[in-house]
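# Report on the structure
Residue-level listing of the chains:
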Amino acid sequence: MTITGKNHIGSSLTGDTDDTFYAINPSTGQQLDGKFYSANDSDIDNAVNLATQAFEIYKGIDKDKKADFLEKIADEIEALGDALIERAMLESGLPQARLTGERGRTVNQLKMFAALVREGSWVEAAIDTAIPDRSPVPKPDLRKMMVPLGTVVVFGASNFPLAFSTAGGDTASAFAGGNPVIVKAHNSHPGTSELIASAIINAANSSGMPEGIFSHVQDNGFHAGNQLVSHPGVKAVGFTGSFSGGKALYSRAQKRETPIPMFAEMGSVNPVLLLPGVVEANPVRMAEQYAGSITLGAGQFCTNPGLLIGLNSEALQHFADALGNAISDSKASVMLNKGIFENFRNRKAQMLEQYGIETISDTQDDNPDINAGSPVVAAVKASSFIANPTLHEEVFGPWSLLVRCNDKDEMTEVVKNIAGQLTITVMATESDLQEFSALIHLLREKAGRLILNGVPTGVEVCPSMQHGGPYPATTDIRFTSVGTAAIKRFVRPLSFQDWPETLLPPELHNDNPMDIWRLVNGRFTKDKIA
Ligand code: NAP
């Protein structure tokens, strides 16, 4: 399979500019095959204009056709075969098994959204029929459902080259909602992104989708992304990455003449409360479980457990010692790119210099030649943690900080001081849960997902998943970027008052031709309206 390096604008290969760049293999530092072209302003205009035209057709397209399109993307991705995995391995340094699993997740996400679209009830149709003789004023006929927003820009994520990039959850949910998508590829894996883009374009062509339903732009810098977010034709943005990048793009989206929703998932330290009963019961087993979670995928998960909070005791010391031993046994792992490796190295050094920090385990085994970062765990007293906001921030990579608290009140203060999170985990026995019930109740205000006796890494893709949390974890606490509910980011409610049926979408017709669940006069039903 040849990498063309050109930007895919609509279904044609264009965007062949003078500004070029190459992919770099993080585990060798070597330049990879394929020259990539940064999109220029006219490419961006072209992509947005085509998407705007495509929206006029796609927003009203039959739900089965839309579902077929999503399923065809999944098939086309599978048809890329080993070439996709091989390229992704070269560009990301991630192992084959991880990327094969991630491809499975990507394909399943697309199929899950196809099933959602086919079933149809996600539009949340609500109908209140008229009562013309109501006194003192007649009640109008009101019918409401979710409709798409328009062109969505998706920023590919470095740490999920497949499941959160070109045809990842953001793209799948935006398409499912009825929106055209323009992907700004992550420049860490441009070849992987191009292969997936070609799969989407093949699927769009073979399922008769309008020109411009999808465009793919590359850039070796921030210009194309900034232009896309500022473009008046763009209606929403999905992003996964750093706090600084997400915040900058969010501000840009809000400062436009017409502000737009920008759903940024910017990371989290995913605190874990180690309650005394469970620490006493099996400190060594829990340490091994957490060492695995901290080092999984070189710690490059947004749900990496970066903060462990426990009560001082002999058992907590056993836990810390066992965690240190397990971490010392783990090797440095190749990180996603040079920038992420250097960021990790600088950030862990900065953390280890902070007042009151005690290193539990640091193999000092970083290898800059292959961008391999070695894991570190450190500890600090709760009072020093509370006083120092630097210690509250994410270190993206295999890092975790144990906060030692003197008592329940101090642990409560630590929790009160942490910012919004994607996840918080509670490791507890039955009696811990009772004894710490007030503190546990407090956690609900702090995170999108509360885990009991598990690890935060591993995000199930299903309707009940919430992957999003209070700021700064994400820019909009109300939404998830994983699971079927992710579609809600890219749709909005539209209410029709007193319109004739011929001018209403079929979902709102009396005879329910889509056979979907609807809320009719306050009752969920599939029945026709008499
Ligand atoms: P990133 O730097 O935020 O980049 C994500 C995307 O946004 C890229 O396409 C990037 O463009 C673009 N971008 C970044 N800053 C921008 C700005 N100011 N204006 C316009 N566009 C901007 O994230 P990353 O490259 O994935 O990793 C960098 C750091 O982000 C990591 O070291 C880590 O700290 C954090 N991170 C966190 C998570 C998480 O889930 N918590 C995930 C990934 C990364 P380019 O492609 O041109 O760089």
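Here the structure is shown first, and the text comes after it.
Right, let's walk through the structure included here. (Residues numbered from 1 in each chain as written. Predicted model: local features only at pLDDT ≥ 70, side-chain atom pairs only at ≥ 80, totals over all residues. Heavy atoms only, no water.)

### So, the overall build of the chain
- Per the secondary structure count, the chain includes 16 helices and 23 strands.
- Compactness check: the chain gives a C-alpha radius of gyration of 25 Å against a globular reference of 24 Å for 530 residues, within 12% of the reference.
- Principal-axis analysis of the C-alpha atoms gives the chain an extent of 75 × 65 × 40 Å.
- Within the chain, contacts between residues at least 6 apart in sequence are counted, and of these 75% link residues at least 24 apart.
- A total accessible area of about 21500 Å² is found for the chain, and carbon and sulfur atoms account for 51% of it.
- Side chains of the chain carry 44 positive and 60 negative charges; the gap between the two charge centres is 5 Å. (Helix = DSSP H or I, 4+ residues; strand = E, 2+ residues; numbered from the N terminus. Rg over C-alpha atoms; globule rule 2.2 N^0.38 Å. Contact = heavy atoms within 4.5 Å. Areas by Shrake-Rupley, 256 points an atom, 1.4 Å probe, with all protein chains shown as cover. Lys, Arg positive; Asp, Glu negative; His and termini not counted. Charge placed at Lys NZ, Arg CZ, Asp CG, Glu CD.)

### Section: the side chain of His189
- Tracing the backbone shows His189 in the loop between β8 (181-184) and α6 (190-206).
- Apart from residues no more than four positions distant in its own chain, His189 is found in contact with Glu91, Ala157, Ser158, Pro161 and Ser165.

### Here we look at the site of the ligand
- Taken together, 22 residues lie around the ligand, and Ser158, His186, Ser242, Cys302 and Asn343 are the ones closest in.
- One of the side-chain nitrogen or oxygen atoms of Ser158 is found 2.5 Å away from an oxygen atom of the ligand.
- In this structure, an oxygen atom belonging to the ligand sits 3.3 Å away from a main-chain N or O atom of Asn187.
- In isolation the ligand has 860 Å² of accessible area, and contact with the protein removes 88% of it.
- At the level of elements, α8 (243-255) and α12 (338-352) are the ones that each hand at least two residues to the shell around the ligand.
- At 3 residues, the largest contribution of residues to the shell around the ligand is made by α8. (Near = heavy atom within 4 Å. Polar contact = N/O pair within 3.5 Å; in protein donor to acceptor, adjacent residues only side chain to side chain.)

### Comments concerning the state of the cysteines
- Enumeration according to the criterion identifies 0 disulfides in this entry.
- Free of any disulfide, Cys302 has its nearest cysteine sulfur in Cys462, 15 Å distant.
- Among the residues examined, Cys302 registers a relative accessible area of 9% and is labelled buried. (Disulfide = S-S within 2.5 Å. Buried < 20%, exposed > 50% of the residue type's maximum accessible area, 1.4 Å probe, protein only.)

### Observations concerning the packing of helix α4 (residues 96-119) against helix α5 (residues 169-177)
- Remark: α4 packs on α5, axes separated minimally by 9 Å, with the N-to-C direction vectors making an angle of 15 degrees. Taken together, the axes of α4 and α5 lie roughly parallel to each other. Crossing of α4 over α5 shows right-handed handedness. Here α4 contributes Gln109, Leu110, Phe113 and Val117 to the contact with α5, which in turn contributes Gly169, Ala172, Ser173 and Ala176.
- Tallied by class, residues from the contact of α4 with α5 come to 5 nonpolar, 3 polar and no charged. (Axes fitted to C-alpha atoms, helices over the stretch in contact; angles between N-to-C directions. Parallel < 35°, antiparallel > 145°, perpendicular 65-115°, else oblique. Left-handed = near helix turned anticlockwise from the far one by under 90°. Nonpolar A, V, L, I, M, F, W, Y, C, P; charged D, E, K, R; others polar.)

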